[in-house]
Amino acid sequence: MRFAPSPTGHLHLGGARTALYNWLLARSSGGAFVLRIEDTDTERSNDAAIDQIITSLSWLGLDWDEGPGVGGAHGPYRQMERRQLYADAAERLLAEKRAYRCYCTPEELDGERREARKREVPYVYSGRCRNLEASVDAGNGGGGRGRESVIRLKTPSEGHTLVHDLVRGEVSFENALCGDFILVRSNGVPTYNFAVAIDDTAMEITHVIRGDDHLPNTPKQIMVAEALGKKPPLYGHLPLILGPDRAPLSKRHGAVSIEEFRSRGFLREALCNYLALLGWSFDAESTLFSMDELVEKFSIERVGSTAAAFDMDKLLWMNGHYIRELEPVELAERLEAYLPGTKLAGLPGRDGNPDIDDLVPLVQEKMKTLEDFVELTDFFFLPLEFEKKALRKLTGNDRAAELLDAAAEALQQVEPFDIENIEAALRRKADEIDVKLGKFLQPLRIAVSGKTVTPGMFETLSVLGRDKSLDRITNALTLRDVGSQSSITQDQEDAG
RNA sequence: GGCGCAUUCGUCUAGUGGCCUAGGACGCCGGCCUCUCACGCCGGUAGCAGGGGUUCGAAUCCCCUAUGCGCUACCA
């Protein structure tokens, strides 16, 4: 099995799914997963993209048995480093008269294409140069001197080429419509179809699982393999991934690169599970699969053939599920790695701030992404900032001052200042002044956090500590005394 | 235009001629739980693209139409 990305950008969702399926197939069948970089598009390929892709694959946990960084028996694993191989193959094909040099210029070909278009007839290369070799090519030192040439494969002009596709079944292509396609460009660089076919056979690739868009290329690759006297691999073509609007997924749909999902706080296990399900299913019931279960249960036969739309809501749900499933210490570790890129960078554990471990139990079940941790807990670390809505609720509440006073009074007595005692004290106080707990806690929540939504109040207060809690209550009280719109913005600036 | 692929709830899908009054998951709606929000639990909403066949019987097989997508490069 192989995954062979072209390094022209980030690893995106579609590529990741392709990689995942290849990897699963390899892992579940005891085969090798090989990573090969297809960089024959010299215009668009670049090294930064290769690094990026490798980083993303590693992050997903899709390790390769052969490829960049690990080597292997079939290297090198970058096509541009395999050029001698392609050149040799081209030479051989030329010598065996299975291929020939073509001297048609791009302009001439364009003309042919336009002509075909005009006559509403399918365009196929005319094969004009097919029988030139005797007269021109064989001449001294190559008669084509002075004029650039490409190398084309002689393809059958009749019959069909069958692709036994692992996910679609048998697909038939008419040879007459194929034409003698180009193997080697005039600049000496092999085309995709040529390089791929050579590499797949040379690397002893048995299964090629790739995007749908390659299906029409497949007969060409089979022809190359056969011309070379090699057996082509088995192919399976995955339908592409669509955006929510059912147009092919692209940047304008928002996050599409794996790197982006990572930085937005998604977990690799959620991404892999979700991606696995986007086009594959195990049975009528199951949706949650660990990596081990995927390896155990994945099979190419159960890959569907219809294009699937990406659904962020489902991914978010799944990500939340995996976050909840993590051991708290494990979640803390992930956050440890994640937080440095956020506004909380360096804050946890410093200057009397709470540790990540202190907060994980408070927010674990509320998080859908690691990113959520930041919004959920920022008020523990940063100067208090009131959300607009929260401020409105607080200033609009006639009893707020009274309730806050009562809360402060209750909290003063608590000793030790822990969850149980805080809860007991506050419940008692609420009882005493005869207000429902919810009514009592809500102004307190806003005063202490600036938000209408927070982790449990007792836990929050205990982590925040008595001093900070009381300070914030006091501050909220003054804020209420001032009360006007203009001073609200003033306070926000002070807070920030 | 040609060639190819596809079409089951809004979304991901189960389904391979009778088990389908079409199942699960996300979402959505309602309820329970509850200090807010979530989580969890319970319940509900919603679908076989259309038309012809074949068959005692079709989501499942065949044909046509429609729609979407891919390819049609000296891109991959």
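Scroll up to find the structure.
Residues numbered from 1 in each chain as written. Chains lettered and ligands numbered in written order. Predicted model: local features only at pLDDT ≥ 70, side-chain atom pairs only at ≥ 80, totals over all residues. Heavy atoms only, no water.

Draft legend 1. Structural context of the nonpolar core. Counting 104 residues, the largest nonpolar core has Leu426 and Leu444 as its most contacted members. Element by element, the count of residues in this core is highest for helix H1 (residues 13–29), at 9 residues. The residues contacting leucine 444, other than those within four sequence positions of it, are Leu404, Ala407, Leu426, Met457, Leu461 and Ile473. (Core = buried A, V, L, I, M, F, W, Y, C linked by side-chain atoms within 4.5 Å. Buried < 20%, exposed > 50% of the residue type's maximum accessible area, 1.4 Å probe, protein only. Helix = DSSP H or I, 4+ residues; strand = E, 2+ residues; numbered from the N terminus. Contact = heavy atoms within 4.5 Å.)

Draft legend 2. Representation of the protein's contact with RNA strand B. Every one of the 66 residues lining RNA strand B counts as a neighbour, but Ser6, Asp41, Arg168, Arg185 and Lys366 are closest to it. Within 4 Å of the protein, the contacting atoms of RNA strand B are drawn from sugar and phosphate to the extent of 74%. The side chain of asparagine 217 places a nitrogen or oxygen atom 2.7 Å from a base nitrogen of RNA strand B. Residue leucine 277 places a main-chain N or O atom 3.0 Å away from a sugar or linking oxygen belonging to RNA strand B. Among the elements that take part in the surface near RNA strand B, helix H18 (residues 437–449) stands out by supplying 5 residues, more than any other. (Near = heavy atom within 4 Å. Polar contact = N/O pair within 3.5 Å; in protein donor to acceptor, adjacent residues only side chain to side chain.)

Draft legend 3. View of helix H9 (residues 268–277). For H9, the buried fraction is high: 8 of the 10 residues fall into the buried class. Those residues of H9 lying buried are Glu269, Ala270, Leu271, Cys272, Asn273, Tyr274, Leu275 and Ala276.

Draft legend 4. Geometry of the pairing of strand E6 (residues 169–174). When strand E5 (residues 160–165) meets E6, the two strands line up antiparallel, connected through 6 bridges. Among the inter-strand pairings, histidine 164 is bridged to a residue of E6, identified as glutamate 170. The hairpin formed by E5 and E6 contains 3 residues between the paired strands. (Pairing = 2+ DSSP bridges.)

Draft legend 5. The arrangement of the packing of aromatic side chains in detail. For the structure shown, the criterion picks out 8 aromatic pairs. Between the aromatic rings of phenylalanine 282 and phenylalanine 289, the centroid separation amounts to 6.3 Å while the plane-to-plane angle is 80 degrees, which identifies the pairing as edge-to-face. Classification of phenylalanine 282 by relative accessible area gives partly exposed; the value is 29%. A connected cluster of aromatic rings, assembled from ring pairs, spans Tyr21, Trp280, Phe282, Phe289 and Phe298. Over the face of the ring belonging to tyrosine 125 we find arginine 152, whose NZ or CZ atom lies 3.5 Å from the ring centre. (Phe/Tyr/Trp six-rings, centres within 6.5 Å; stacked < 30°, edge-to-face > 60°. Lys NZ or Arg CZ within 6 Å of the ring centre and 35° of its normal.)

Draft legend 6. Broad picture of the pattern of salt bridges. Inspection of the entire model under this criterion finds 32 salt bridges. Of the charged contacts, one joins arginine 252 and aspartate 245 as a salt bridge, the two residues approaching to 3.5 Å between their closest N and O atoms. We classify aspartate 245 as partly exposed; its relative accessible area is 43%. Note that lysine 343 and aspartate 378 form a salt bridge whose closest N and O atoms lie 3.3 Å from each other. Of this pair, lysine 343 sits in the loop between helix H12 (328–338) and helix H13 (356–363) while aspartate 378 sits in helix H14 (residues 370–381), and the two are 35 residues apart along the sequence. Via salt bridges that share partners, Arg2, Arg36, Glu38, Arg82, Asp199 and Asp200 belong to a single interconnected network. (Salt bridge = Lys/Arg side-chain N within 4 Å of Asp/Glu carboxyl O.)

Draft legend 7. Looking closely at the pairing of strand E4 (residues 150–153). Burial of E4 is two-sided: the residues Val150 and Arg152 facing one way and the residues Ile151 and Leu153 facing the other way are all buried. Note that strand E3 (residues 99–102) and E4 share 4 bridges and pair antiparallel. Directly across from alanine 99, in E4, lies its bridge partner leucine 153. Sheet topology places E4 next to strand E7 (residues 182–184); 2 bridges connect them, and they run antiparallel. The residue of E7 that forms the bridge with arginine 152 is isoleucine 182.

Draft legend 8. Main features of a positive patch on the surface. Side chains of Lys388, Lys389, Arg392, Lys393, Lys436 and Lys439 sit close together on the surface and give a patch of like positive charge. Among the elements that make up the positive patch, the one with the highest residue count is helix H15 (residues 388–395) (4 residues). If you trace the backbone, lysine 436 turns up in the loop between helix H17 (419–432) and H18. (Patch = residues over 30% accessible without salt bridge, like charges linked within 9 Å, V, L, I, M, F, W, Y side chains within 5 Å. Areas by Shrake-Rupley, 256 points an atom, 1.4 Å probe, with all protein chains shown as cover. Lys, Arg positive; Asp, Glu negative; His and termini not counted. Charge placed at Lys NZ, Arg CZ, Asp CG, Glu CD.)

Draft legend 9. Focus on the sheet that holds E4. Taking strand neighbours across the sheet as the criterion, the 3 strands line up as E3-E4-E7 in an open arrangement whose pairing is antiparallel. Lying at the two open borders of the sheet, with one neighbouring strand each, are E3 and E7. Taken pair by pair, the neighbouring strands of this sheet meet at an average axis angle of 45 degrees, ignoring direction. Sheet contacts for helix H3 (residues 83–95): E3, E4 and E7; angle to E3, the most-contacted strand, approximately 100 degrees. (Axes fitted to C-alpha atoms, helices over the stretch in contact; angles between N-to-C directions.)

Draft legend 10. Representation of a negative patch on the surface in the model. Judged by side-chain charge, Glu333, Glu336, Asp355, Asp357 and Asp358 come together as a negatively charged surface patch. Elements represented by at least two residues in the negative patch include exactly H12 and H13. By secondary structure assignment, the location of aspartate 355 is in the loop between H12 and H13.

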